[in-house]
Amino acid sequence: AKTSGKNGYRFFDQRFSDAIRDRHRRELELVHAIEHDQFVVYYQPRVEVATGTTCSFEALVRWAHPTRGIVGPDEFIPLAEERDLIVELGELVLDKVCAQLAFWATTGQAVVPVSINVSGKHFRDSRILRVLKEAIDRHGVPPHLVELEITEASVIDGGEEVIHAMHALQKMGIALLVDDFGTGYSSLAQLQRLEFDVLKVDRAFTRELNRSNEGRVLFTAIITMAHALGMRVVAEGVESREQLQTLKALRCDEAQGFYISRPLPPSVSQPMFTHRV
Ligand code: C2E
Ligand code: CA
Ligand code: CA
Ligand code: CA
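Described in the following lines is the structure provided in the data block. As the structure is a prediction and not an experimental result, all values here were calculated from the model.

1. Quick notes on the packing of aromatic side chains
With the rule as written, the count across this model stands at five aromatic pairs. Ring centres of Phe39 and Trp63 lie 5.9 Å apart, and the angle between their planes is 40°; on these two criteria the pair is classed as tilted. Here Phe39 is found in strand S1 (residues 39–48), whereas its partner Trp63 is found in strand S2 (residues 54–65), with 24 residues between them in sequence. Among the residues examined, Phe39 registers a relative accessible area of 3% and is labelled buried. Relative to Phe76, the ring of Trp63 lies with its centre 5.8 Å away and its plane at 90°, an arrangement referred to as edge-to-face.

2. Description of the packing of helix H5 (residues 128–139) against helix H7 (residues 160–172)
Viewed as axis vectors pointing N to C, H5 and H7 meet at an angle of 15°, and their least axial separation amounts to 11 Å. In terms of their interaxial angle, H5 and H7 are classed as roughly parallel. Crossing angle aside, the handedness with which H5 passes H7 is right-handed. Counted together, Leu129, Leu132, Lys133 and Ile136 of H5 and Ala165, Ala168, Leu169 and Met172 of H7 form the full contact between these two elements. Along the lines of polarity and charge, the residues of the contact of H5 with H7 split into seven nonpolar, no polar and one charged.

3. Regarding the coordination of the calcium ion (ligand 2)
Around the calcium ion (ligand 2), the protein contributes the donor atoms Glu58 (OE), Asn117 (OD1), Glu149 (OE), Asp179 (OD) and Asp179 (OD), which lie 2.2 to 3.1 Å from the metal centre. If you look at the calcium ion (ligand 2), its six donor atoms make angles of 45 to 179° with each other, and the shape they trace is irregular. Expressed as a motif, the donor residue spacing for the calcium ion (ligand 2) is E-x58-N-x31-E-x29-D. The distance between the calcium ion (ligand 2) and the calcium ion (ligand 3) comes to 3.8 Å, and Asp179 binds to both of them. Note that Glu149 is positioned in strand S5 (residues 146–151) and Asp179 in strand S6 (residues 175–181), a separation of 30 residues in sequence.

Rules used in this analysis
Numbering of residues starts from 1 in every chain and runs along the sequence as written. Written order decides the labels, with chains lettered from A and ligands numbered from 1. Two thresholds apply to this predicted model, a pLDDT of at least 70 for residue-level local features and 80 or more for giving and counting side-chain atom pairs, whereas whole-chain, interface and lining totals are computed over all residues. Working from all heavy atoms in the structure, the side-chain values ignore hydrogens and water. To pair, rings of Phe, Tyr and Trp, with the six-membered ring standing in for Trp, must have centres within 6.5 Å; the planes then decide the type, stacked if under 30 degrees apart, edge-to-face if over 60, and tilted in the middle. A run of H or I in DSSP counts as a helix once it spans at least four residues, and a run of E counts as a strand once it spans at least two, with each numbered from the N terminus. Only protein chains enter the accessibility calculation, which uses a 1.4 Å probe; a residue whose area is less than 20% of its type maximum is buried, one above 50% is exposed, and one in between is partly exposed. To get an axis, fit a line to the C-alpha atoms, keeping to the stretch in contact for a helix; angles then go from 0 to 180 degrees between the N-to-C directions. Orientation is classified from the angle alone, with under 35 degrees giving roughly parallel, over 145 giving roughly antiparallel, 65 to 115 giving roughly perpendicular, and any other angle giving oblique. Crossings are sorted by hand: turned counterclockwise from the far helix by less than a right angle, the near helix makes the crossing left-handed, and turned clockwise it makes it right-handed. In this description, contact between two residues means that some pair of their heavy atoms is separated by no more than 4.5 Å. All amino acids are sorted into three groups, where Ala, Val, Leu, Ile, Met, Phe, Trp, Tyr, Cys and Pro are nonpolar, Asp, Glu, Lys and Arg are charged, and the leftover types, Gly among them, are polar. Each metal's donors are the N, O and S atoms within 2.8 Å of it, or within 3.2 Å when it is Na, K or Ca, and because water is not part of the set, sites may look incomplete. Here the metal geometry follows the donor angles, with tetrahedral for four donors whose angles all fall between 85 and 135 degrees, square planar for four and octahedral for six when opposite donors are more than 155 degrees apart and every other angle is between 65 and 115, and irregular for all the rest.

Take a look at the structure:
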């Protein structure tokens, strides 16, 4: 028993150091990817439920990995957050989106705003206001074409600086969206205090829309309260015609999801303007 215990420890140590090595390797690879700008941004439309018109695009980052192909953010955002690479990565995305908006403007088509996901750590970083202003100026983008998506958790316990940053952004004309609403612990009253413009309801709620009466009741309550507090409502993760029809009946303002369009590379994103509802 003594020996096997010892072996057990050795086995554990071995696995443990393998895991550390693997982690370290993935970290270095991510640093390298940031230095060599291996990222691309995909765009997913958000449509007005009543008309099917595209009112905005959400910018979703992907890693154009040299050997693995297009890698989704769930595989590297958490590591970037942990290792403090998220600010650099976030700044890269801000710049890319501004460049894309400037390019779309040259094509002569009407350009709709793009919302950018900002992690809590990045949002609380004191540089964000300046960096965003600089990117907007450098590319000559009208500030109202930029919107920011922030999760409840990243701002709810934020102090004065966070509220100050939010107001400064809104003064520039930048709309602020609550991302993944319903997955955190905040109440709508708290969000109202922070004066968000748009509420993006997490797809867990959209999924329940046509499954149960409770799901529909809950969504209705969220819409009613958000409207009373002066916020527009976006349903995330709309995957069927039935869900979209229910949202229309509930007077939800906007919808986003695979049923309308998957996130697409910029070359194919902008021309699709109206979607069947
Ligand atoms: P999110 O902000 O909630 O973005 C929506 C995610 O849901 C996207 O996944 C999108 O592709 C996916 N989605 C859209 N419609 C549907 C649908 O109908 N059904 C289902 N099942 N999924 C749908 P994606 O692109 O893999 O992004 C995952 C998360 O990674 C995002 O969740 C966001 O939290 C984060 N992320 C993406 N881009 C960035 C970025 O530039 N910066 C930061 N900090 N985070 C990002
Ligand atoms: Ca988002
Ligand atoms: Ca979301
Ligand atoms: Ca999310």
